Amino acid sequence: MDFSIKTNDAKTSIASLKAGCIAVGIYENKKLSPQALALDKTGEITAALKSGDISGKPGSTLLLRKVAGVTAERVLLIGLGPDGELSDKVMSMAALCVARTLSTLGASDALLALPFDGIAKQTPERDLAWAIRATILVLRDGSYRSDTLKSKKETTSGVKKIAFLVATANAAAAKEAVAQGLALANGIDLTKELGNLPGNVCTPTYLANTAKRLAKEYKLSVEVLDRKQLEALKMGSFLSVARGGGEAPKFIIIKHLGGKAKDAPTVLVGKGITFDTGGISLKGGAGMDEMKYDMCGAGSVLGTIRAIAELKLKLNVIGVIPATENMPSGTATKPGDIVTSMSGQTIEVLNTDAEGRLVLCDALTYVERFKPAAVVDIATLTGACVTSLGHHNSGLFTRHDSAHDALANELLSAGKATGDTAWRMPIEDSYQEQLKSNFADMANIGGPAGGSITAACFLERYTKKYTWAHLDIAGTAWKSGAAKGATGRPVALLTTFLINRAAAVK
Ligand code: BES
Ligand code: MN
Ligand code: ZN
């Protein structure tokens, strides 16, 4: 899919613009958007509304061919609800309708003449750029196919060239929005692809090679540590998870240094369990295949790095990924084993299925050396997070002081701006008590109550030296059922968070 901007000055009527299809908005109560009005030379559009063929409600569409007085071959009417409010929901509904219709058309190009220019007047963050980015994301989401490992690729039909029609005054902002939308979509696609690849293909080595490939393409620096180097660093907790598997563990560090040399980096740490069987505390068989997605934290770090590298973001960002599988075997860690983390704190592994926190804690200690401005870890950490927040919001955990409240708010608003939302959860001493061990500094599980919170509390103990946030994406990183697949979340949240940070240091 190819996206571009077309400007519309007052002199040329949009009725005379050439296109395979031109999409315009209409409102409820048979009201036409300014663009629809401009196409309605002979009243055909008004007649179509009067006939009741389209209600104007969000989700309603009508395709007209060869409208008199209109050069474009087709006119696609898109219902936008009541005039005057273009909410998140209406916007994504409209984009979905556009995507669905364009994917079935015989036309090769389309012009989107939706009432984008007027949006900014309503809510500042719901501006033209927002609408363009959102539309690109929906269209690219619809055209993504997980057919890498199918012997026959699905053929994609439909419109390939899409232009946004905007006022000349908005052209520069619109162009930047297209670049951001594309970078985001490319990052999201990479994250989906990595998530969807099975555990026998997307191994720790595969993740490391993906990081190296990105580094080469975008001139980033990358370092991959192997088992020996991890032993030298005393990452006893991470390595205890890697004891059972046949695949070699890898610790990946990838740096996008787009800011000033003296600026402290923002660090992203992604859980990279390329398959989670549970280890000796083996999971049940039903649906276990979905544990190939247990590296989606790592995938979203690589997807985000790809997006910001493509945008040449002026910010120092470091991605860190502890990658291993979690397998049972004769050499695997056993329940009750006590391991020593890189921080020196000892951990009683009461359940080998709580392995995410065991790999993350050593990564969180490792990143102290970067003297980070902030650290955000991203992990498919707990089933409990799915129970509490479902599939709509990622769980956001931070300490509760002013510096952490500020970081939390940055992440929450980046989520809101992209529809890739998160919901804040507590970290408190009362939950910390559940991690008490009789034999080590802490246990790796805190009992059945508040499972996503005690997991975050465990990580919190390794993050005292910097400002830190944890995103539990167990419910948001992939979908089960008929539409099974990785979602690419929370790449949009993270990328927007970093774009906003870069704008703040300017
Ligand atoms: N990768 C899982 C978390 C998970 C479970 C994500 C289901 C998505 C869906 C994690 O490693 C895990 O197994 N967590 C355990 C923790 C428990 C043993 C304290 C869980 O959530 O059951
Ligand atoms: Mn597990
Ligand atoms: Zn896991």
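Residues numbered from 1 in each chain as written. Chains lettered and ligands numbered in written order. Predicted model: local features only at pLDDT ≥ 70, side-chain atom pairs only at ≥ 80, totals over all residues. Heavy atoms only, no water.

**Q** Can you help me understand the site of ligand 1 in this one?
**A** Among the 16 residues in the neighbourhood of ligand 1, the closest are listed as Lys 283, Asp 294, Asp 353, Glu 355 and Gly 383. In this structure, an oxygen atom belonging to ligand 1 sits 2.7 Å away from a side-chain N or O atom of Asp 353. Thr 380 places a main-chain nitrogen or oxygen 3.4 Å from a nitrogen atom of ligand 1. Taking 510 Å² as the accessible area of ligand 1 by itself, protein coverage stands at 77%. (Near = heavy atom within 4 Å. Polar contact = N/O pair within 3.5 Å; in protein donor to acceptor, adjacent residues only side chain to side chain. Areas by Shrake-Rupley, 256 points an atom, 1.4 Å probe, with all protein chains shown as cover.)

**Q** Would you explain the coordination of the zinc ion (ligand 3) in this entry?
**A** The textbook angles at a metal center are 109.5 degrees for a tetrahedron of four donors and 90 or 180 degrees for an octahedron of six. Distances from the zinc ion (ligand 3) to its protein donors, Lys 271 (NZ), Asp 276 (OD), Asp 294 (OD) and Glu 355 (OE), fall at 2.0 to 2.4 Å. Bound by 6 donor atoms, the zinc ion (ligand 3) shows angles of 79 to 176° at the metal and therefore octahedral coordination geometry. Between the donor residues of the zinc ion (ligand 3), the gaps in sequence give the motif K-x4-D-x17-D-x60-E. Accessibility expressed as a relative area gives 3% for Asp 276, which makes it buried. (Donors = N, O, S within 2.8 Å, 3.2 Å for Na, K, Ca; no water. Tetrahedral: all angles 85-135°; square planar, octahedral: opposite > 155°, others 65-115°. Buried < 20%, exposed > 50% of the residue type's maximum accessible area, 1.4 Å probe, protein only.)

**Q** Where do I start with the domain arrangement of the protein in this structure?
**A** The figure often quoted for interface size is the accessible area lost as the parts come together. Its domain assignment divides the protein into domain 1 (2-146 + 155-166) and domain 2 (185-505). Centre-to-centre separation of domain 1 and domain 2, based on C-alpha positions: 39 Å. With 8 residues of domain 1 at the interface, the matching set in domain 2 holds 9 residues. Of the roughly 790 Å² buried where domain 1 meets domain 2, counting both sides, 45% is carbon and sulfur surface. The largest per-residue losses of area from domain 1 upon contact with domain 2 belong to Leu 137, Arg 140 and Tyr 144, which jointly make up 67% of the total buried on that side. For the interface between domain 1 and domain 2, the tally reads 2 salt bridges. As a salt-bridge pair, Asp 189 and Arg 140 come within 3.0 Å of each other at their nearest N and O atoms. At the junction of domain 1 and domain 2, the tally comes to 5 residue pairs in polar contact (both at pLDDT 80 or more). The leading source of residues in the side of domain 1 that touches domain 2 is helix H4 (residues 128-143), at 4 residues. Among the residues forming the side of domain 1 that touches domain 2, the class breakdown is 3 nonpolar, 1 polar and 4 charged. (Domains from an automatic or database assignment. Contact = heavy atoms within 4.5 Å. Buried area = accessible area lost by both parts, 1.4 Å probe. Salt bridge = Lys/Arg side-chain N within 4 Å of Asp/Glu carboxyl O. Helix = DSSP H or I, 4+ residues; strand = E, 2+ residues; numbered from the N terminus. Nonpolar A, V, L, I, M, F, W, Y, C, P; charged D, E, K, R; others polar.)

**Q** I would appreciate a short explanation of empty space enclosed by the protein in the present structure.
**A** One water molecule sets the probe size; rolling that probe over the atoms shows where empty space is left. Scanning the model with the defined rule gives 1 cavity of 30 Å³ or more in all. In this structure, the largest cavity is lined by 13 residues; those nearest its centre are Ser 240, Val 241, Asn 326, Thr 333 and Thr 352. For the lining of the largest cavity, the per-class residue count stands at 6 nonpolar, 6 polar and 1 charged. (1 Å grid on protein atoms, 1.4 Å probe; cavity = no way out; pocket = protein on both sides within 12 Å on 5 of 7 lines; lining within 4 Å. Points joined across faces, edges and corners; volume = space filled by probe spheres on them.)

**Q** Mind showing me how you'd approach the layout of surface pockets here?
**A** Within this model, the largest pocket holds a volume of roughly 1,300 Å³. Contributing to the lining of the largest pocket are 44 residues, with Leu 137, Val 138, Asp 141, Lys 479 and Thr 487 lying nearest its centre. Within the residue set of the lining of the largest pocket, elements represented by two or more residues are helix H3 (88-102), H4, helix H5 (171-196), helix H12 (402-418), strand E20 (478-479), strand E21 (485-486) and helix H15 (491-505). Element by element, the count of residues in the lining of the largest pocket is highest for H4, at 8 residues. Residue composition of the lining of the largest pocket, by class: 17 nonpolar, 14 polar and 13 charged. Counting only domains with at least three residues in the lining of the largest pocket, you end up with domain 1 (2-146 + 155-166) and domain 2 (185-505).

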